[in-house]
Every structure is written in C-alpha cells, then in structure tokens.
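Coordinate analysis (summary)
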Amino acid sequence: MPNSQMTPGIAPGRLNPDAYQNNFADLHAPFDAHEAAVAADRCYFCYEAPCQTACPTEIDIPMFIRQISTGISESAAATIFAQNILGGMCARVCPTETLCEEVCVREVAEGRPVEIGRLQRYATDILMVSGVHPFTRAASTGKKVAVVGAGPAGLSCAHRLAMLGHDVVVMDGRAKAGGLNEYGIAAYKSVDDFAHREVDWLMQIGGITMQYGKRLGDGMSLADLAAGYDAVFLAIGMGGVNALSADGEDLSGVVDAVDFIEELRQSDALCEMAVGRNVVVIGGGMTAVDAAVQSRLLGAENVTMVYRRGKARMAASVYEQELATSKGVRIIYNAQPVAMHGDSAVSEAEFEYTTEADGTLKGTGETVRIAADQVFLAIGQTLEGAPDGVAVDRGKITVNDVGRTSKAGVWAGGDCASGGDDLTVTAVAEGRDAAIDIHATLMA
Ligand code: SF4
C-alpha cells in the first residue's frame, strides 16, 4: 500500500465522484478546424523565423503553420514529426511560453503569440488519429543497437535508428514505455492514455523490440551491452531523489512528489487516490507544480508550494506558476525547509525565510510553520546507478554535442546526460541527434 494511504489525515474520495473527471480533463481543449485556421492565419511565415530557432528540435514552424493554413494538415504533421517524433506529446507539455511562443514576432509586437503549441497539437492529432505513420525504414544495415530507457530520449533515438535501417532493442525497468510522459507529468496534460497511444504509433516504424523489466546493473552491465551490440544509447533518466536533509523527513506523510505523480498517473480510479487536507509541496520546478495542482484537483483544501528562492529563479515558468495559483495553490517564495514536525505522522512543516544576494542564499532567522498532513518533496532528482566505464560530471553522464560519452560505442542523452534543459523536447532532440551520429559512426 502506498505511504500516502497509511497516514491519518490523508484520505481518498474527498470530492463528489463526478468531480474527478472534470478536474482532470484536458488542460487545453484542442482546436477545431476553424480555430486552427484562424490561429494559423496570424502567422507571418517569417524568414529565419525566431520561433524555429527557439525550438530545441528546430521544427520548421512557419512551414507547418503554412501547411495547416492551406488545408494540408497531414503534411504539417509530417513536417513536425520529421524533426520531433514525439511532436504530439511536446505539443501538450512543452513550455512554449518560454520557447517558440516567447520569441514569436507577434508576441514581441503585440504581446500575443501565434499559438504554436496548439497548432502543433492540431496537426499531429489529425495524422495520429488517422493511424498513418509517415515514415518507412531504410534497407536493413544489419547493425543492432541497444537503447537503455524508453523515455523521450530513448524513444526518439530508437525511432530514428529504426528509420535508418538498424535493428533496435529498447530496454526499460518499468512495465510500460514512455518514461516521464507515462509516469511523470500531470494527468491533465496527457489525457486519454495519450502517452501509451503515442508509443504504439511510434512503434509502427518497425525494427524496434521492447524489453521491459530490464535495468542496467540488475543482471545487465554496460560491458555486456557494449559486447553484444554495435552501439549503446543510454537514456536512463534520473531515478534517484535528493534528500531533504531536515529533521522529520522520515515522518509518515512526507513523500516524494514523483511517487505521488506516478501513482496518480497509473490510477484507474482517481476517487481512490488519497490526498491530505493540508498539503505542502517543497520545490520550485514543474514536478512541484504538477504535484501541487493535482493535490488541489483531488480535493486538498489548502495546498502551499514553498520555494527557497525568489519567483524569478523558479524553474517552473511564470505560466506554470500562474496555473498553480489559478487552481488555488498558494506559493511562498524565499523560504527554506527547517524541519517537519509531528509524532509519527507529519502535522506541520517549518520553514525559515531567506534572502539572496549575489546568488548566495541566506536564512533570515525568521521562521514559519504551516499545517501539513502531507508533504511532497520536489527538490530535484539524481542519477541513479551510473554505469561503470563512462565519465560522470556534476551528477550527469558527460557527453559531447552529439551525445558521445567517454566510452567508445556508447552514447547518452536526455536527463541523465550533461547539457541542455531537462525538458521532453530537449530529450527528443538529443536522442535524435545521437541516433544520427551513431548511424554515421556505424556506416563509416
Ligand atoms: Fe509565425 Fe511567430 Fe514563427 Fe513568425 S515567429 S513564423 S509569426 S509563429
């Protein structure tokens, strides 16, 4: 039984049964054809478009918007997928407000960008619903590549390698593919089992075999893989969680936000998902926002996010912060955890206010206690089980700009590797680029 369900004050069924479906419905309703045409019509089809430069996968955005506006949305989808095979998920989870839409000339001139993310979703949904897969495999190269991790980087790499004619075996320790898309993002960003459907659609390329329940270090070593395959791509994510290092962190009710989000994402009955009445979330990233908002949507009365630095330093975008507050989440900036209080279960979380000067954070000595029967820790993840034989620096596998590690024949990408933001779209770009380099290396 999950920890959350064993703790007094944390209970399932806080809402009327009908409320769950509404609360966890699609965050943004998809465009209909008319809305898409109107949105596409706002694009200036810029030459050297800044939106394209800002996209980590460098999707030809003016091209796909023009294709939508001329009524060939399947072609628009193919334009997107050529650069980003997970373009459907990225259309749902990308922080477009800090990427393509932030630099759109319409945003700069008028404060209202072309809605690139929603247009991308419109086009990709049309093609995926049709069941058509727009790519075919090249003739077999006879080469075999192991991909460890079936998250965005691993899937992107596997698909590109399969397209190029290689046989790919993707291994993942879990029971399903998708990584963070399947287990680690808020349910309202990926409704109707989209993550699972996207993997099924991607697999239509052929040449990819999935092996579940297989983890590096668990009867499978990097040396074995390197010996058995022509190349290895590591996309093992960040499986560990940082410790809070505060008194009371072992109290019942103090849990990792990623576990809560995973439990929620895999739940078939949200009315059975337990949540506290008073929830405190510690952290300032997307995971913190996803945990806080979903706690509110499950019926928690008071949800407080506490972040140790100021608003501008928060990893979650202003849009995400505003989403949280619009759902009734209170955000306290500049407060760091001191201790969790309670007998066996947490009842209060104590914080010390902070100030920041020249990047250095200092406690002010002033403290505050917040009632809490559930505390979610969203204070960052760590590389777990880094394989022997590859260099690691500052907690990430060291790679060059095409994903090569320090070990010949081994590439890495996604959250586990150095460089780039920890975003789905960045992982997709890194997986794709590593695949292209693997192909060039194997065929040289
Ligand atoms: Fe269109 Fe904006 Fe991109 Fe220009 S910057 S091509 S207007 S989406």
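Just so it is clear, the model here is predicted, and its values are computed rather than measured.

Each helix and strand counted, the protein has 17 helices and 19 strands in total. The proportion of buried residues among the 444 residues of the protein is 51%. Intrachain contacts of the protein at a sequence separation of at least 6 include 71% that bridge at least 24 residues. About 19,000 Å² of surface is accessible on the protein, with carbon and sulfur atoms providing 48% of the total.

This part is about the domain arrangement of the protein. One widely used convention gives an interface's size as the accessible area the parts lose upon coming together. Domains assigned within the protein are domain 1 (33–130), domain 2 (144–239 + 383–443) and domain 3 (241–380). Just the C-alpha atoms count here: the centres of domain 1 and domain 3 sit 34 Å apart.

Hydrogen bonds between backbone groups are what pair the strands of a sheet, and the pairing can be parallel or antiparallel. Across the sheet, 5 strands lie side by side as E7-E15-E9-E10-E11; this open sheet has parallel pairing. Each having just a single partner strand, strand E7 (254–256) and strand E11 (330–332) make up the two edges of the open sheet. Strand-to-strand twist in this sheet, taken as the mean axis angle between neighbours without regard to direction, amounts to 25 degrees. As judged from the 4 bridges shared by strand E9 (residues 278–282) and strand E15 (residues 374–377), these two strands associate in the parallel manner. Bridging across to E15, Ile282 finds its partner in Leu377. Along the sheet face, helix H14 (residues 257–265) touches E7 and E15 and points at about 70 degrees away from the line of E7.

It is worth spelling out helix H9 (residues 116–130) at this point. Over its 15 residues, H9 runs 22 Å from end to end, which matches the ideal 21 Å to within 8%, given 1.5 Å per residue. Counting buried positions over the 15 residues of H9 gives 11, a clear majority of the element. Buried residues of H9: Ile116, Gly117, Leu119, Gln120, Arg121, Tyr122, Ala123, Thr124, Asp125, Leu127 and Met128, and no others. A positive phi of about 85 degrees marks Gly131, the residue just after H9.

All chains considered together, the criterion is met by 2 aromatic pairs. Measuring from centroid to centroid gives 4.5 Å for Phe81 and Trp201, while their planes differ by 40 degrees, and the two rings are tilted. Here Phe81 is found in helix H5 (residues 73–83), whereas its partner Trp201 is found in helix H12 (residues 194–202), with 120 residues between them in sequence. Positioned above the aromatic ring of Phe45, the side-chain terminus of Arg66 is 4.1 Å from the ring centre. Cation over ring: Arg174 sits above Tyr183, and NZ or CZ is 4.1 Å from the ring centre.

With that settled, consider the nonpolar core. Ranked by size, the top nonpolar core spans 68 residues in total, and within it Ile61, Phe64, Ile65, Ile68, Leu119, Phe233 and Ile438 carry the most contacts. Composition of this core by domain shows at least three residues from each of domain 1 (33–130) and domain 2 (144–239 + 383–443). In this view, Phe64 contacts Ile59, Ala76, Thr79, Ile80, Ile116, Leu119 and Gln120; residues no more than four positions away in its chain are not counted. Counting 34 residues, the second largest nonpolar core, distinct from the first, contains Tyr20, Val289, Val303 and Ala378.

The subject of this paragraph is the site of the ligand. Around the ligand, the surrounding shell consists of Cys43, Tyr44, Cys46, Ala49, Pro50, Cys51, Pro62, Cys104, Val105, Val114 and Ile116. Of the residues that constitute the shell around the ligand, the class distribution is 11 nonpolar, no polar and no charged.

Turning next to the sheet that holds strand E13 (residues 346–357). Taken in spatial order, the 3 strands make up an open sheet running E12-E13-E14, and their pairing is antiparallel. Either end of the sheet is taken by a strand with one partner, and the two such strands are strand E12 (335–342) and strand E14 (360–371). For this sheet the average axis-to-axis angle between neighbouring strands, irrespective of direction, equals 20 degrees. As judged from the 7 bridges shared by E12 and E13, these two strands associate in the antiparallel manner. If you follow Gln336 over to E13, its bridge partner there is Glu352.

Right, let's get into the environment of Asn181. Residue placement: Asn181 occurs in helix H11 (residues 180–183). C-alpha of Asn181 to C-alpha of Gly151: the two residues are 30 residues apart in sequence and 7.2 Å apart in space. Beyond its immediate stretch of four places on either side in the chain, Asn181 contacts Leu86, Met89, Pro152, Ala195, Glu198, Arg265 and Thr424.

Before going further, it helps to examine H5. Within H5, the full set of buried residues consists of Ser73, Ala76, Ala77, Thr79, Ile80 and Phe81. Turning to H5, the residues buried within the fold contact helix H4 (61–69), helix H6 (87–93), H9 and H12.

Axis angle and axis distance: for two packed helices, these are the angle between their axes and the distance between the axes, and together they describe the pair. The geometry of H4 relative to H9 is characterised by a closest axis approach of 11 Å and an angle of 60 degrees between their N-to-C directions. As summarised for this structure, H4 and H9 are arranged oblique, according to the angle between their axes. At the point where H4 passes H9, the crossing takes the left-handed sense. Contacts from Ile61, Phe64, Ile65 and Ile68 of H4 reach H9 at Ile116, Leu119, Gln120, Tyr122 and Ala123. Its residues assigned to classes, the contact of H4 with H9 comprises 8 nonpolar, 1 polar and no charged.

Cut-offs applied
Residues numbered from 1 in each chain as written. Predicted model: local features only at pLDDT ≥ 70, side-chain atom pairs only at ≥ 80, totals over all residues. Heavy atoms only, no water. Helix = DSSP H or I, 4+ residues; strand = E, 2+ residues; numbered from the N terminus. Buried < 20%, exposed > 50% of the residue type's maximum accessible area, 1.4 Å probe, protein only. Contact = heavy atoms within 4.5 Å. Areas by Shrake-Rupley, 256 points an atom, 1.4 Å probe, with all protein chains shown as cover. Domains from an automatic or database assignment. Pairing = 2+ DSSP bridges. Axes fitted to C-alpha atoms, helices over the stretch in contact; angles between N-to-C directions. Expected span 1.5 Å × (residues − 1). Phe/Tyr/Trp six-rings, centres within 6.5 Å; stacked < 30°, edge-to-face > 60°. Lys NZ or Arg CZ within 6 Å of the ring centre and 35° of its normal. Core = buried A, V, L, I, M, F, W, Y, C linked by side-chain atoms within 4.5 Å. Near = heavy atom within 4 Å. Nonpolar A, V, L, I, M, F, W, Y, C, P; charged D, E, K, R; others polar. Parallel < 35°, antiparallel > 145°, perpendicular 65-115°, else oblique. Left-handed = near helix turned anticlockwise from the far one by under 90°.

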